[in-house]
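Report on the structure
Here is what each chain is made of, one letter per residue.
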Amino acid sequence: MSTDVDHGTPPAGAAAAPSPMTPMGRFLSTLGASACAGIVFFIAYTTLVGKQPAWVQLEGVLTLALIAVFAFNPGFKKGARQANSAEAALTFLLMAGALLTGAYMIQNYQVIAAFREGVPNSWDMAVYIVGTLIVLEASRRAEGWILLAVVLAAVVYMFAGPYLPGMFNHRGMDVKQAFELSFSQQGIFGVALDAVVNIVYIYVIFGAALRLTGVGDFFDWISEALTRKYRSGSAQCAIIASALFGSINGSAPANVVANGAITINMMSRAGFTRAYAGAVEASSSVVGQIMPPVMGVGAFIMSEITGIPYVNIMLAAIVPSLVFIFSLSVVTAMEAEKLGIKGEEQKAREPWTALRIAQFAIMTVGFGVLLVMLFTGYSVDLCGLGATVTVIGLSLVFPWTRPSLAKLNQIVMDGGKEGLSVTVSCAAIGIIIGAVAGTGLGVKISQGIVAMGSEYLVLALVMAAVCSILLGMGLPTAASYLMVIAIAGPAIIKLNVSVLATHLFVFYFAVMSAITPPVALAVFAAAAIAQVPVISIALISMRLCLVAFILPFMWIYHPELMLQNLSLSTWPTFLGAFAALVVATVALAAMQVGHCKGRLSLFERVMLGAAAALIFWPGVVSTAVGCAFTIVVLGRKLLRNKNRDTSAA
């Protein structure tokens, strides 16, 4: 495994800085880096001494983020490094517009809220229009045309309501109403941007600190040390390392880019096809987004908008994440056995060096501080700051991890840069959320889901899952979750599903959109590294994650799996449900691979698929029958294999 502690690359929103070979490139690079540093220091300061008023807090970070995005993406194309004179002029104009509209709102938000809300004057209106257009252009430069197209569709919908049929009809808005709604605390400055500024960013900084102090490299090293002797060791290493690093990374595609160059080649050398290796990497990078304690900062956002304690959310995510990882592990183990791949016991194990011990200490103490502060009641943003300071402070103590001034500067720069994409995305997503609420579409969708769920809850859940995947395509996890929960969440809650189960359900499927065609960002990243067609990796990824697409329905019908309100009387129910879930996972894995201690016949695979379906179907009898079928089919196969080995001996 690599020992390069600079573990990862900036995400799309933080595209590579302009070339420093030209004066323009140097200036824009410096300007973007300064804006990123400003974000980090502003976030750290307000977390430590107290938040500014909402408008000041959000507008301050957004303004700096917009300037940085334009500096790092100065051309018309996404991620463009160089800009001609026309592009440069437009970029500086956009920066000036972002700065002026931000300053205007910070200066006038109190007067607007008190006297001019709903009746903006001409200056207000100009700021609303210019500010909204600047955010739209920044989202295009950071995330590309897909996000912009979705947001523009929401804007058009605000105007076109009177001309639309059925549930999509509404009375419509004029230009003044649409732009005032967009550039308000119901739109751009709403719950999505608030969650990013007040929660997500500090954990992006925490992730950068962990990565650049070597903890990300330690994840790779320990994963390989634990798995190298197994048949599927290369795949198991990828699963463990990507899941661990993905938990703090917050972006499945970025995690694929960070780990994939190592893990995909390693799996390919071991004997897996490159398409299969890419699918394993993409799938395991998704796991990290739902794995405690950080869950790609999803847990903290969920806690902020629901009021549910972080501890409860973390407990609720333990079983799904463990089963997800277990399912990938079992499938890859069976695939390795099918392909006849051997372990690497002959390979010398890298010893525990002083560097590894120091990295382990940094990881343990850093996460320990985070969890202790969370459990003792500190706010989630202050916990993140405390953990970040701990990690950087400890790295300075050990000579093997002590960062140079350049590395400390890189932590600050990357901490600000890696949050740019999600910041401008969530600002743009706010327009969609505002349009859905302002036109009444959200209420109509909720009513449709509730009406469907009054007859068949599972159909309503399927509809919500499809909404989560479709609306989450091409978006960062936090942005897609926040958008979908505003639309589908209230409807599911009305069907007597708990708030925690509902939010976890929506969040889970928003995460799964990263590997679901047609816009599967983690798959695209893996395909670029593996150099195989995207569709090949996408199809294998969906097969590998078959259990993961079923899991969210399980905790709706078996809430004991979320580990809430456990007691002596409920433990047996939980253990029974968990054991049945493990059996179903093994059955599905054997069914799709077609191999378990030998080739499985078509009849055996059909039996295993039916057994898994019976286990997943709510009901004690169906679960018992499904478990029995699985034990009979696989037990018979294992017994045959044992007898064959005995005869051979």
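Residues numbered from 1 in each chain as written. Predicted model: local features only at pLDDT ≥ 70, side-chain atom pairs only at ≥ 80, totals over all residues. Heavy atoms only, no water.

**Some thoughts on the pattern of salt bridges**
Tallied over the full model, the rule gives five salt bridges. A salt bridge links aspartate 381 to lysine 51; its shortest N-O distance comes to 3.0 Å. Here aspartate 381, found in helix H15 (residues 380-397), pairs with lysine 51, found in the loop between helix H1 (23-49) and helix H2 (54-72); they are 330 residues apart in sequence, far enough to count as distant. Taking the relative accessible area as the measure of exposure, aspartate 381 reaches 10% and is therefore buried. Judged by its relative accessible area of 36%, lysine 51 is partly exposed. One salt bridge connects arginine 116 with aspartate 124, and the closest N-O pair in it is separated by 2.5 Å. The class for arginine 116 is buried, based on a relative accessible area of 17%. (Salt bridge = Lys/Arg side-chain N within 4 Å of Asp/Glu carboxyl O. Helix = DSSP H or I, 4+ residues; strand = E, 2+ residues; numbered from the N terminus. Buried < 20%, exposed > 50% of the residue type's maximum accessible area, 1.4 Å probe, protein only.)

**Here's the deal with the side chain of serine 184**
Relative to the elements of secondary structure, serine 184 occurs in the loop between helix H6 (175-182) and helix H7 (191-212). Among the residues examined, serine 184 registers a relative accessible area of 11% and is labelled buried. With near-sequence residues (within four places) excluded, serine 184 lies in contact with Trp55, Phe189 and Gly190. (Contact = heavy atoms within 4.5 Å.)

**Observations concerning helix H11 (residues 274-287)**
Across its 14 residues, H11 extends 20 Å between first and last C-alpha, which sits within 8% of the 20 Å expected from 1.5 Å per residue. Counting buried residues in H11 gives 13 out of 14 residues, a clear majority hidden from the surface. (Expected span 1.5 Å × (residues − 1).)

**Quick notes on empty space enclosed by the protein**
All chains considered together, the criterion is met by one cavity of 30 Å³ or more. Each pocket or cavity is described by its volume, and for the largest cavity that value is around 40 Å³. Among the secondary structure elements, those contributing two or more residues to the lining of the largest cavity are H2, helix H3 (85-116) and helix H4 (122-143). For the lining of the largest cavity, the per-class residue count stands at seven nonpolar, two polar and one charged. (1 Å grid on protein atoms, 1.4 Å probe; cavity = no way out; pocket = protein on both sides within 12 Å on 5 of 7 lines; lining within 4 Å. Points joined across faces, edges and corners; volume = space filled by probe spheres on them. Nonpolar A, V, L, I, M, F, W, Y, C, P; charged D, E, K, R; others polar.)

**Some points on the nonpolar core**
In a soluble, globular protein the nonpolar side chains are often hidden away together inside. Residues Phe324 and Phe505 are the most contacted members of the largest nonpolar core, which totals 214 residues. When residues of this core are assigned to their parent elements, the largest contribution, 16 residues, is made by H7. When residues no more than four places from it in sequence are discounted, the contact partners of phenylalanine 324 are Ser283, Val286, Val287, Ile290, Tyr508, Met512, Cys545, Ala548 and Leu551. (Core = buried A, V, L, I, M, F, W, Y, C linked by side-chain atoms within 4.5 Å.)

**Points about the packing of aromatic side chains**
For the structure shown, the criterion picks out 17 aromatic pairs. Looking at lysine 417, its charged tip hangs above the ring of phenylalanine 72, at a distance of 4.7 Å from the centre. (Phe/Tyr/Trp six-rings, centres within 6.5 Å; stacked < 30°, edge-to-face > 60°. Lys NZ or Arg CZ within 6 Å of the ring centre and 35° of its normal.)

**Quick word on the layout of surface pockets**
Here the second largest pocket defines a volume of roughly 490 Å³. Taken together, 20 residues make up the lining of the second largest pocket; nearest its centre are Ile432, Val436, Leu441, Leu471 and Ile487. Each residue belonging to the lining of the second largest pocket can be placed in one class, and the counts come to 19 nonpolar, one polar and no charged.

**Comments concerning the packing of helix H22 (residues 521-530) against helix H23 (residues 534-544)**
Direction vectors running N to C along H22 and H23 enclose 125°, while the axes themselves pass 9 Å from each other. It follows that H22 is oblique to H23 by the angle criterion. Of the two elements, H22 crosses H23, and the hand of that crossing is right-handed. Within the contact between the two elements, H22 uses Val523, Phe524, Ala526, Ala527 and Ala530 and H23 uses Val534, Ile537, Ala538 and Ser541. Classifying every residue of the contact of H22 with H23 gives eight nonpolar, one polar and no charged. (Axes fitted to C-alpha atoms, helices over the stretch in contact; angles between N-to-C directions. Parallel < 35°, antiparallel > 145°, perpendicular 65-115°, else oblique. Left-handed = near helix turned anticlockwise from the far one by under 90°.)

Note that every value here comes from positions in space, so none of it alone points to a role or purpose.
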